[in-house]
Amino acid sequence: MSTSPIQDAASSSNPIHPVTHPDIQQIRKLCPRFRVLIMGRANAGKTTIVQKVCKVGPEAKPVMYSENGFRVCILATRGKHDINDQITYENSNFVFHDSRGFESASIKELEKVKKFMDAHSDPREPLRTRLHVIWYVYCIPVDNTRPVSAAELSFFSYPTGYAPVIVVFTKFDAQISMAYAKCKNKFLPEESHKAWTEAEGIARDTLENIYWPLLQQTLYPPKTYVCLQDMQDPQSNCLELIETTAGTLELGDLHNLFITVQQNVQLSVKNVLQ
């Protein structure tokens, strides 16, 4: 797969993160962008995650490149979907591939994802063309007792190569609000903060005792998970996802690449000092 147009543009228009040393600079020359497969159903929060990771607002327009690295008119692709398309934003060194997730009869989509991962998981291929991490975005339903469908679990029956899978549970605040509605009557009005604390504990227990065990029982379980909430708040960020991703990647070239690509200076300094 040739992706040089998008990658050459990244290396020339975006300066290397100031917290670097010669080895990391060499890595960035060989692989200017960090490649993420972000998966999940519509309205799960994928777009918001991508925008916050790239540090752009909801008004920002994404930039799309074809499989061969040439810029694509997004208007021309409306209504179409191709996992091979490379999505990014101006001045970002992340590149994303989008999978729509798996509905009850989405065998074709699963096959597309398998084919994509096979093409980008060969360790003999250059780091710049490989898939680096998978973010599986799952919105916990508040009006449905079905934890995770068989179609969604089917993804975890297939190996992902060297790309670790991190499950991203979104709209976790809705789970807390639902738990709060059930437990608030146990507290006095002036003790609402205690009710909210208990509600968050109940929501986390539900996730850890129902949802996470289902995923851990699969043939190729995810490495870990994060819970995101308040994502509609302009001041919120995906720092927990960034830190978890950094902690999941094995130390080496890929870990160093991620540290320089993400835009949290504190995390960069912390890793350089280690």
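The coordinates are above.
Read on for an overview of the structure.

Definitions and cut-offs
Residues numbered from 1 in each chain as written. Predicted model: local features only at pLDDT ≥ 70, side-chain atom pairs only at ≥ 80, totals over all residues. Heavy atoms only, no water. Buried < 20%, exposed > 50% of the residue type's maximum accessible area, 1.4 Å probe, protein only. Helix = DSSP H or I, 4+ residues; strand = E, 2+ residues; numbered from the N terminus. Core = buried A, V, L, I, M, F, W, Y, C linked by side-chain atoms within 4.5 Å. Contact = heavy atoms within 4.5 Å. 1 Å grid on protein atoms, 1.4 Å probe; cavity = no way out; pocket = protein on both sides within 12 Å on 5 of 7 lines; lining within 4 Å. Points joined across faces, edges and corners; volume = space filled by probe spheres on them. Nonpolar A, V, L, I, M, F, W, Y, C, P; charged D, E, K, R; others polar.

1. As for helix α3 (residues 46-53)
Logical step 1: Here α3 lies mainly inside the structure; seven of its eight residues are buried.
Logical step 2: Within the span of α3, buried status applies to Lys 46, Thr 48, Ile 49, Val 50, Gln 51, Lys 52 and Val 53.
Logical step 3: Lys 55 sits one or two positions beyond α3 and adopts a positive phi of about 60°.

2. Side note on the nonpolar core
Logical step 1: Core analysis: the biggest nonpolar cluster contains 38 residues, and Leu 37, Met 117, Ile 134, Phe 155 and Phe 169 have the highest contact counts within it.
Logical step 2: Contributing elements (two or more residues each) for this core: β1 (34-39), α4 (107-119), β6 (133-139), α5 (150-153), β7 (165-170), α6 (172-183), α7 (192-216) and β8 (224-227).
Logical step 3: Per element, the largest residue contribution to this core is seven residues, and it comes from α7.
Logical step 4: Met 117 has contacts with Leu 37, Leu 131, Ile 134, Phe 155, Tyr 158, Pro 159 and Thr 160, leaving out every residue within four places of it along the chain.
Logical step 5: In terms of nonpolar packing, the next biggest core, distinct from the first, is built from 31 residues, Cys 54, Tyr 89, Val 226 and Met 231 among them.

3. Some thoughts on the side chain of Thr 170
Logical step 1: With respect to the helices and strands, Thr 170 occurs in strand β7.
Logical step 2: Thr 170 sits in the buried class, given a relative accessible area of 4%.
Logical step 3: In contact with Thr 170, other than residues within four places in its own chain, are Ala 44, Ile 49, Val 137, Tyr 138, Cys 139, Ile 140 and Leu 228.

4. Concerning the layout of surface pockets
Logical step 1: Of the volumes computed, that of the second largest pocket is approximately 520 Å³.
Logical step 2: In terms of lining, the second largest pocket is formed by 24 residues, of which the most central are Gly 161, Tyr 162, Ala 163, Pro 164 and Glu 250.
Logical step 3: When the residues that make up the lining of the second largest pocket are grouped by side-chain class, the tally is 13 nonpolar, seven polar and four charged.

These figures capture arrangement, not role.
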